[in-house]
Amino acid sequence: MNIELLEQILKENNQPKFRLGQIIKAVYQDGVSSFLEISNLPKDLREILNKEIKILSFEAEKVLVSENKDSIKALLKLEDGNKIETVLISPKPGVWSACISCQVGCPMNCEFCATGSGGFKRNLTAEEISDQVLFWKTQTPPVLANAKTTSPLKGEVGRGLKISNIVYMGMGEPFLNWEEVRESLKILTDPKGMNFGSRSISVSTVGIPGGMEKLTRDFPQINLAISLHFADDKKREKFMPANKNLNLEKLKNELEKYFEKSNRKVFLEYILFSKINDSEKDMRDLIKYIKSFRKQHLLHVNLIKYNPVGNNQETRSNNQKITKTNKFISSSSEQAIKFRNYLLQNKINCTIRKSLGTDIQGACGQLAQH
Ligand code: SAH
């Protein structure tokens, strides 16, 4: 919601000062989906607002609900025609996490990720970023009411859907758009705004020089996740070009500084790619890397299943099913368990993360601009 425009409209209509707070509370906290629903405003003001300002800075073009109803993905059309995606995931009943984007596309070019393959278009504004959370809070009930589904979600997502967590793990690299990401975090954590606790928000990064320092400076309580995926520089650089600017040693130095300031747990994300980074040597490399940290107990490894993207998905042509082969294949569950156990035996905190929303292309790394 564009607060400046709202203030201007209220001023032009000679409204008392307290109106702004009333509207912000109704939208950000009560989750009304239209200004017409704000019953403590005079009727004519509700109508003026309804005509002159929109709650959201985009329109939902497509909304998909996964078969087992634990994730919903929305394709959002921004005012300039660019498109982004956002996902709402329920890792357990009654708990909802909003996964939001901070850029249109992504310049990082990680080879296994769908977001980068569409190229980078532009940074999102703080409003476009925070509005994605607002979208899930305010629009889920009407969206689901219209969806052709008998989803049990319908009952759960009454007005003001309760979102427990927010993760900056959609499209884009947060530390390459820090100004706007920071402003969006202010809106999300402002007690008068959406009032989320910092500890319920996580920012994920490939590692950008100086990035973590900005997080500790501006939001020391917000969780940090690192997309590590490889504990060997050669491999990491091959699949993640960002490693050229911040290699494993430099990443470690930045993390050590982060720990000194925040003393908070950091999540290392590790996608398991069959025969690429899941061998015993890879396990040993990862253990060695983690053990080289002074505060290794603050590192927690999340093992992630690789979600097929791009030409690794099944395609059909002339009614023939063609499965293009691609260098990335997910490791088997057995291998994932072996990997986890090896880490645990070496006293490294580690969990295998459940992957949600793959059937609607809404899982990690599958978000794109179409
Ligand atoms: N640019 C930031 C924020 C995006 S988070 C970052 O990379 O951390 C998206 C997460 O999904 C990252 O951890 C990314 O590495 C992971 N990811 C990308 N492609 C994936 C895929 N195909 N399967 C599983 N995870 C993937």
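Quick caveat, the model's predicted, so the values are computed rather than measured. (Residues numbered from 1 in each chain as written. Predicted model: local features only at pLDDT ≥ 70, side-chain atom pairs only at ≥ 80, totals over all residues. Heavy atoms only, no water.)

**What about the domain arrangement of the chain?**
Here's step 1: Taken domain by domain, the chain consists of domain 1 (3–52) and domain 2 (58–360).
Here's step 2: Domain 1 puts nine residues into the contact, and the matching count from domain 2 is 13 residues.
Here's step 3: Looking only at domain 1, the three residues that lose the most surface to domain 2 are Tyr 28, Gln 29 and Ser 33, adding up to 58% of its buried area.
Here's step 4: Along the lines of polarity and charge, the residues of the side of domain 1 that touches domain 2 split into four nonpolar, three polar and two charged. (Domains from an automatic or database assignment. Contact = heavy atoms within 4.5 Å. Buried area = accessible area lost by both parts, 1.4 Å probe. Nonpolar A, V, L, I, M, F, W, Y, C, P; charged D, E, K, R; others polar.)

**Looking at the packing of helix α8 (residues 211–218) against helix α10 (residues 248–262)**
Here's step 1: Contact pair α8 / α10: the axes reach a minimum separation of 9 Å and the direction vectors enclose 10 degrees. One element, α8, and the other, α10, form an angle in the roughly parallel class. In this structure, α8 contributes Gly 211, Met 212, Glu 213, Leu 215 and Thr 216 to the contact, and α10 contributes Leu 251, Glu 254, Leu 255, Tyr 258, Lys 261 and Ser 262.
Here's step 2: Of the residues assigned to the contact of α8 with α10, the class counts are five nonpolar, three polar and three charged. (Axes fitted to C-alpha atoms, helices over the stretch in contact; angles between N-to-C directions. Helix = DSSP H or I, 4+ residues; strand = E, 2+ residues; numbered from the N terminus. Parallel < 35°, antiparallel > 145°, perpendicular 65-115°, else oblique.)

**What about empty space enclosed by the protein?**
Here's step 1: As enumerated under the stated definition, the model contains one cavity of 30 Å³ or more in all.
Here's step 2: Size it by volume and the largest cavity reaches roughly 30 Å³.
Here's step 3: Phe 230, Ala 231, Asp 232, Lys 235, Tyr 270, Asn 277, Asp 282 and Asp 285 together form the lining of the largest cavity.
Here's step 4: Partitioned by chemical class, the residues of the lining of the largest cavity number three nonpolar, one polar and four charged. (1 Å grid on protein atoms, 1.4 Å probe; cavity = no way out; pocket = protein on both sides within 12 Å on 5 of 7 lines; lining within 4 Å. Points joined across faces, edges and corners; volume = space filled by probe spheres on them.)

**A word on the sheet that holds strand β10 (residues 266–272)**
Here's step 1: Spatially, β1-β2-β3-β4-β7-β8-β9-β10-β11-β14 is the arrangement adopted by the 10 strands of the open sheet, whose pairing is mixed. What marks the edges here is a single partner per strand, and that holds for β1 (58–65) and β14 (349–353). Averaged over all pairs of adjacent strands, the angle between their axes in this sheet comes to 25 degrees, without regard to strand direction.
Here's step 2: As paired strands, β10 and strand β11 (residues 299–305) are joined by seven bridges and run parallel to one another. (Pairing = 2+ DSSP bridges.)

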